[in-house]
Amino acid sequence: MAPAIVAGKGEMPEFEGRTIYVAVICVIIAAFGGLMFGYDIGISDGVTVMDDFLKKFFPRPTVYERKQYGHENNYCKYDNQYLQLFTSSLYLAALVASFIASMVCSKTGRKPTMQIASLFFLLGVFLTAGGTNIEMVIIGRILHGCGVGFGNQAVPLFLSELAPTKIRGALNICFQLFITIGILIANLVNYWASNIHPNGWRFLWALQEFDSIVNACEMARQVKQPFKKLMEPASRPPLVIAIMLQVFQQFTGINAIMFYAPVLFQTVGFGSDAALLSAVITGAINVLSTFVSIYLVDKAGRKILLLQACVQMLLTQGIIGGILMKNLKTTDSYLSHGEVMFVVILVCLFVMGLAWSWGSLGWLIPSEIFPLETRTAGFAFAVSSNMLFTFIIAQAFLSMLCHMQAGIFFFFAAWIVVMGLFT
Ligand SMILES: OC[C@H]1O[C@](O)(CO)[C@@H](O)[C@@H]1O
């Protein structure tokens, strides 16, 4: 029987069999890059509140002691530059690596770029899981960051180039879907490992070994083009859009939640386990909401998703800020149980909005707006902007929380207004 042919108006016909084959390849590649990146994001929030980890790596005056016995403001217990550097170092490395990766990607193609990413992840796992001092752990995080820089450069481009036009959005968003799944897996492992003493935190990194080996051999194609063309005036609009999408994505405050949700939930009154469990819940909401994006993106269009989410995120950030502000006037600044639950629901609504819009479209749109000749170079700017601003949030959030307290949520809300106008 002849294979069915699917074709839209003015498009090349696609064979159904080939479409399925391509879709499967795309999902595997998306899983490769997304899971490793997502796991890296999710893992840092758990260890940040694990007592064994804090005692071992953050010597006097320890974050642990402040957490247990400190009489200072709740909002400042985790304000420690090294603790923030532990999270943020990965993104600084990824920022630098993404530019190198874009050259490797142009010269040798997507496949070697992805293989190099795997190698970095693998080396990083050995150092972080076996770490005996904070320097080893941070070098391990830097190697993971190089893996992220290489993987994030090659994977979304590969997906958009290979996917049939009609389902390009949906297939590309599989990358973000696997990021969210990676975060959720890390949240679950965090919750489970927090009760294994004293080395539970090592499991978190050792599990990553497995993922990188499974994904170490994948395929790709190559497009060779330099940065020079990108600097021409004609390239400016897509370049600005690609960069700003990523900058705005980070200034929604999503990674304040992804990295520090357990810290945040503890700050407002949850115990350690409840805080980790709440992070699992927000992680699950993140995954499920990304499916909404996969379903809607090629039907509703990009712009409507971006705008709708701005309204949702603005309201949730504003209300969270309002609740915390009201409570700062009380003596211990802890929220009542009901209020904490309400804050968790608002955080979930916020994550939902981000997941079906700026989260997934931040990768999709930059991978489809550049012409072939400037695509790898242009995309490198998108990846590195994401990494730069992820780094800034990771490095600054705990200090900002300490100094701005509830005001931090109004800060993010103000950025959401700017994003809406930009859209
Ligand atoms: O799902 C949330 C995650 O997705 C990203 O925005 C990447 O697109 C990360 O920075 C964030 O941690």
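Up top is the structure these notes are about.
Everything in this summary refers to the structure shown in the same document. (Residues numbered from 1 in each chain as written. Predicted model: local features only at pLDDT ≥ 70, side-chain atom pairs only at ≥ 80, totals over all residues. Heavy atoms only, no water.)

## A short note on the site of the ligand
What surrounds the ligand is the set Ile41, Gln176, Thr180, Ile183, Gln249, Gln250, Ile254, Asn255, Met258, Asn286, Gly359 and Trp363. Side-chain polar atom of Gln250 to an oxygen atom of the ligand: 3.0 Å apart, as the coordinates give it. The contact in question runs from an oxygen atom of the ligand to an N or O atom on the side chain of Asn255, over 2.4 Å. Surface burial for the ligand is 100%, taken as the share of its 310 Å² of free accessible area covered by protein chains. (Near = heavy atom within 4 Å. Polar contact = N/O pair within 3.5 Å; in protein donor to acceptor, adjacent residues only side chain to side chain. Areas by Shrake-Rupley, 256 points an atom, 1.4 Å probe, with all protein chains shown as cover.)

## Comments concerning the pattern of salt bridges
Using the criterion set out here, one finds four salt bridges in the structure. The shortest N-O distance in the salt bridge between Glu368 and Arg168 comes to 3.0 Å. Of this pair, Glu368 sits in helix α13 (residues 337-369) while Arg168 sits in helix α7 (residues 168-193), placing them 200 residues apart in sequence. Linking Glu339 and Lys326 is a salt bridge whose minimum nitrogen-to-oxygen distance equals 2.6 Å. Separated by 13 residues along the polypeptide, Glu339 in helix α13 and Lys326 in helix α12 (residues 302-327) bring together distant segments of the chain. (Salt bridge = Lys/Arg side-chain N within 4 Å of Asp/Glu carboxyl O. Helix = DSSP H or I, 4+ residues; strand = E, 2+ residues; numbered from the N terminus.)

## Digging into the environment of Gln81
As for its placement among the helices and strands, Gln81 is situated in helix α4 (residues 81-108). With a relative accessible area of 46%, Gln81 lands in the partly exposed category. Separated by 314 residues in the primary sequence, Gln81 and Gln395 have C-alpha atoms spaced 7.3 Å apart. (Buried < 20%, exposed > 50% of the residue type's maximum accessible area, 1.4 Å probe, protein only.)

## Notes on the packing of aromatic side chains
Scanning the entire structure with this criterion turns up twelve aromatic pairs. Aromatic side chains Phe120 and Phe150 sit 5.6 Å apart centroid to centroid with 50 degrees between the ring planes, which places their arrangement in the tilted category. Highlighted residues: Phe120 in helix α5 (residues 110-129) and Phe150 in helix α6 (residues 134-162), separated in sequence by 30 residues. On the basis of an interplanar angle of 65 degrees and a centroid distance of 5.4 Å, the ring pair of Phe251 and Phe389 is categorised as edge-to-face. With Phe251 in helix α9 (residues 236-251) and Phe389 in helix α14 (residues 375-404), this residue pair connects regions lying 138 residues apart in the sequence. Take Phe251 and Phe389: they sit in the same class, and that class is buried. Site record: aromatic cluster; members linked through ring pairs are Phe248, Phe251, Trp358, Phe389, Phe411, Phe412, Trp415 and Phe422. When the ring centre of Tyr295 is taken as reference, the NZ or CZ atom of Lys299 above it lies at 4.1 Å. (Phe/Tyr/Trp six-rings, centres within 6.5 Å; stacked < 30°, edge-to-face > 60°. Lys NZ or Arg CZ within 6 Å of the ring centre and 35° of its normal.)

## Remarks on the environment of Glu368
Judged by its relative accessible area of 22%, Glu368 falls in the partly exposed class. Here the alpha-carbon distance between Glu368 and Pro156, two residues 212 residues apart in the chain, equals 9.5 Å. Among the polar contacts made by the side chain of Glu368, one reaches the side chain of Arg168 at a distance of 3.0 Å. For Glu368, the side chain forms a polar contact with the side chain of Arg302, separated by 3.0 Å.

## Observations regarding the state of the cysteines
Scanning the entire structure with this criterion turns up zero disulfides. Free cysteine: Cys146, not disulfide-bonded; nearest cysteine sulfur from Cys105 at 16 Å. The thiol of Cys348 is unpaired, and the distance to the nearest cysteine sulfur, on Cys310, comes to 20 Å. When its relative accessible area of 9% is taken as the criterion, Cys348 is described as buried. (Disulfide = S-S within 2.5 Å.)

## Regarding α7
Taking 1.5 Å as the rise per residue, α7 with 26 residues should run 38 Å; its terminal C-alpha atoms sit 38 Å apart, in good agreement. If you look at α7, its biggest bend is around 30 degrees, right at Phe175. In terms of burial, α7 is a largely internal element, 20 of the 26 residues being buried. (Expected span 1.5 Å × (residues − 1). Bend = angle between axes of the 7 residues up to and from the residue.)

## Points about the nonpolar core
Grouped together as the largest cluster of nonpolar side chains are 115 residues, with contacts concentrated most on Trp358 and Phe397. With 15 residues, α13 is the single largest residue contributor to this core. Discounting chain neighbours no more than four positions away, the residues touching Phe397 are Gln84, Ala256, Tyr260, Leu264, Ile392, Ile408 and Phe412. (Core = buried A, V, L, I, M, F, W, Y, C linked by side-chain atoms within 4.5 Å. Contact = heavy atoms within 4.5 Å.)

## Comments concerning the side chain of Ser89
Within the secondary structure layout, Ser89 lies in helix α4. What makes Ser89 buried here is its relative accessible area of 6%.

## A short note on α5
For α5, which comprises 20 residues, the first-to-last C-alpha distance of 29 Å matches the rise-based estimate of 28 Å (1.5 Å per residue) to within 8%. Restricting attention to buried positions, one finds in α5 the residues Arg110, Thr113, Met114, Ala117, Ser118, Phe121, Gly124, Val125, Thr128 and Ala129. Angularly, the buried residues of α5 cover 145 degrees about the axis, an arc narrow enough to put them on a single face. (Arc of directions from axis to C-beta.)

## Structural notes on unusual backbone geometry
Of note in the backbone geometry, Gln405 takes a positive phi value of approximately 50 degrees without being a glycine. Classification of Gln405 by relative accessible area gives buried; the value is 16%.

## Notes on empty space enclosed by the protein
Going through the model one piece at a time under the given rule, you end up with two cavities of 30 Å³ or more. Here the largest cavity is characterised by a volume of approximately 180 Å³. Lining of the largest cavity is provided by 17 residues; of these, Ile41, Gln176, Ile179, Gln249 and Asn255 occupy positions nearest its centre. Of all the elements in the fold, those that place two or more residues in the lining of the largest cavity are α1 (16-48), α7, α9, α10 (254-267), α13 and α14. Residue composition of the lining of the largest cavity, by class: eight nonpolar, nine polar and no charged. (1 Å grid on protein atoms, 1.4 Å probe; cavity = no way out; pocket = protein on both sides within 12 Å on 5 of 7 lines; lining within 4 Å. Points joined across faces, edges and corners; volume = space filled by probe spheres on them. Nonpolar A, V, L, I, M, F, W, Y, C, P; charged D, E, K, R; others polar.)

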